[in-house]
Number of protein chains: 2
Amino acid sequence: MSNPRNRLNFSGGPGALPESVLQQLQTAIQCEPDTGLSLLGISHRSDWFAAVVQETEDNIRHLLGVDRDHHVLLLQGGATQQFSQIPMSLLRRDGPPADYLHTGYWSGKALPEARKEGPVRLLWSGAEHAFSRLPDDHELDYAADAPYLHYISNETVEGLQFHRLLGRDDVPRICDMSSDFLSRPIAADRYALIYAHAQKNIGPAGVTVVVLHAPLLDRLPAELPSFLDYRSQAAAHSNLNTPPVFAIYTVLLVTRWLRHDIGGLAKMAEINAGKAALLYRVLDEGADFYRPRAAVADRSQMNVVFNLPTPALERDFLASATAAGLSGLQGHRAIGGLRASLYNALTPDAVATLATLLHDFRRRH
Amino acid sequence: MSNPRNRLNFSGGPGALPESVLQQLQTAIQCEPDTGLSLLGISHRSDWFAAVVQETEDNIRHLLGVDRDHHVLLLQGGATQQFSQIPMSLLRRDGPPADYLHTGYWSGKALPEARKEGPVRLLWSGAEHAFSRLPDDHELDYAADAPYLHYISNETVEGLQFHRLLGRDDVPRICDMSSDFLSRPIAADRYALIYAHAQKNIGPAGVTVVVLHAPLLDRLPAELPSFLDYRSQAAAHSNLNTPPVFAIYTVLLVTRWLRHDIGGLAKMAEINAGKAALLYRVLDEGADFYRPRAAVADRSQMNVVFNLPTPALERDFLASATAAGLSGLQGHRAIGGLRASLYNALTPDAVATLATLLHDFRRRH
């Protein structure tokens, strides 16, 4: 049943999922064991699905170490919907601006959507550094009256990751964790809102997790479209209208795997750190040939982004990788180059295969 | 591989899908044949996925008999998102009201969302008839200056279906076809916008089809959140941000089945009409016992809603049905009773099984 190409999928997302999850999904497509029905034909109003949502919420709270003061929502629309839904919920046209960091491609997508809804202050931009590094603390002068601070924990395209918490505890801290959610322990109780689409670390495209500290709900305007109102989604346990049952069930299976098979986020982080360390070591050892893009202190453990001396060599490398059964290693269309994404489900063995390929390719050229 | 319970799933939605589609999905979860990758790990920016979207768009246009003046969008958020997105796009706070029909549970959900965005006129309401019938033409006095007319072609909960086109050709006609989309031929070129979530006739929960006549785009306000802007979604062929790849691929498989295996909407409608006729005949023959809810002229061919003499008998019938392997026959939680949903993928054989059960149950009581 196993597919060797899935094991070697280094795609930036949608990414690899655990083999055991794919096998359970194959079964459930035809006959979900508890109901005897196809997963795709089970009512979202059934007791079975209510239990799926409940366990998914509980798993995410348990993995993050937060209590029931934190709502776990399973929404549609991707992180892109959150780019708008957050300012629609929290910005006032005549109020103080929210603080936004511009650290790369994806935080750059959030900014114009926020500006459509209200005032925004650009707290820091990495544009003049070609988004090759993240800010130091002394470069960040947080406003005390901002309705919130918005930043991204991991820039998927450039391969930059914050290895610390930003902001101040008296301003709601909002973080897009789409590409490193549940990849390492975080101080989740210090965020007002965390959001992450599923298709990197926790499931397929089509569902987005929002972890929201309950007091934030008091700041919402009286009237919003229902589907964009965190209050109605929280009250309905994400079952306001028909939710994406297949995608949510997959998130359940992945969070079960994280909690029970892997053993939690500390263990997951240890595995992820080992994978990234191996890859960066090979790149650093070949520093005359491989050029990692990110400043060393800000290197992402999820997306290892690098260049070769010439675009022609990059094409040659991609061809060698494809021939060896590896896929998804081309860089994002916005910046080119190469990118190896090492999400939770990508195994250390797969990274070792890539490391050997990188080592051999350099020796041959 | 086949699962007999799927064949007998009469759920109001998510509903049954064709057996051949479930089998292709099982394969693709582990290894999609063209790419060699898990369907869940294929990039939405790949040539493969661009071809999936292209063929899905083409299939839907072909089945509906419309040309490339009609955009086919594959969006997230369900019909509920459309309840808001349509008025956000077309209502002006200081302009004339849109005409809305209130014919049952779901059109009743669309109304308050529209009222949040701008002026709305209630053209007709079935409330005083307990939503047991639809309006006649002489009851509908359409406004010539309305920015659009909004109605639902099939009320899933009450089992009411329009068997004619409403409105006037000089006012944009907007129709929620969530529960009868692609179940019969329609004059699709006479609608400005048709929308339908997938989970009745064409796929799993998590994707919504919008068929939009291009000139409507000229009426949109200058600035909208990107994910709610039909223009940006049309320009990006629904790939503005990561789309729900699994759900869209399933819609491709179902529209292929409709186009190539069934042979188009005229043939599908003939099959659906036969299924509904059989069931209503059994109910009418037992009119001393079974009470179909809808006025005869407005009976839905998708959702057959009926009562038994007492709630206790309804519970008995559901128990008999469950024992016989039939599922999903309980009525919607809003109104109770019984409901048999006969979506495209439900086979005539399955309806014959239910008809026999109904016939026998009446004889026994």
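**A look at the overall build of chain A**
Assigned secondary structure in chain A consists of 10 helices and 12 strands. With the C-alpha coordinates of chain A rotated into their principal frame, the extents come out at 65 × 55 × 30 Å. Taken over 365 residues, chain A has a buried fraction of 63%. When contacts within chain A are restricted to residue pairs at least 6 apart in sequence, those whose partners lie at least 24 apart make up 67%. Element-wise, carbon and sulfur atoms account for 51% of the exposed surface of chain A, whose accessible area totals about 12,800 Å².

**Points about the domain arrangement of chain A**
Residue and element names in this part refer to chain A. According to the domain assignment, chain A consists of domain 1 (22-262) and domain 2 (264-364). On a C-alpha basis, the centres of domain 1 and domain 2 stand 27 Å from each other. At the interface, 30 residues of domain 1 touch 27 residues of domain 2. Taking both partners together, domain 1 and domain 2 bury about 2,200 Å²; carbon and sulfur atoms supply 56% of that area. On inspection of domain 1 and its partner domain 2, the count reaches 15 residue pairs in polar contact (both at pLDDT 80 or more). Secondary structure elements with two or more residues in the side of domain 1 that touches domain 2: helix H3 (47-64), strand E5 (154-155), strand E6 (160-161) and helix H7 (245-262). Here the element with the most residues in the side of domain 1 that touches domain 2 is H7; it accounts for four residues.

**A word on the packing of helix H2 (residues 19-31) of chain B against helix H7 (residues 245-262) of chain B**
All names here are of chain B. Between H2 and H7, whose axes approach to 10 Å, the crossing angle comes to 145 degrees. Judged by the sense of rotation from one axis to the other, the crossing of H2 with H7 is right-handed. Contact with H2, carried on its side by Ser20, Val21, Gln24, Leu25, Ala28 and Ile29, involves Phe246, Tyr249, Thr250, Leu253, Val254, Arg256, Trp257 and Asp261 of H7 and no other residues of that element. Split by residue class, the contact of H2 with H7 holds nine nonpolar, three polar and two charged.

So, how was this worked out
Residues numbered from 1 in each chain as written. Chains lettered and ligands numbered in written order. Predicted model: local features only at pLDDT ≥ 70, side-chain atom pairs only at ≥ 80, totals over all residues. Heavy atoms only, no water. Helix = DSSP H or I, 4+ residues; strand = E, 2+ residues; numbered from the N terminus. Buried < 20%, exposed > 50% of the residue type's maximum accessible area, 1.4 Å probe, protein only. Contact = heavy atoms within 4.5 Å. Areas by Shrake-Rupley, 256 points an atom, 1.4 Å probe, with all protein chains shown as cover. Domains from an automatic or database assignment. Buried area = accessible area lost by both parts, 1.4 Å probe. Polar contact = N/O pair within 3.5 Å; in protein donor to acceptor, adjacent residues only side chain to side chain. Axes fitted to C-alpha atoms, helices over the stretch in contact; angles between N-to-C directions. Left-handed = near helix turned anticlockwise from the far one by under 90°. Nonpolar A, V, L, I, M, F, W, Y, C, P; charged D, E, K, R; others polar.

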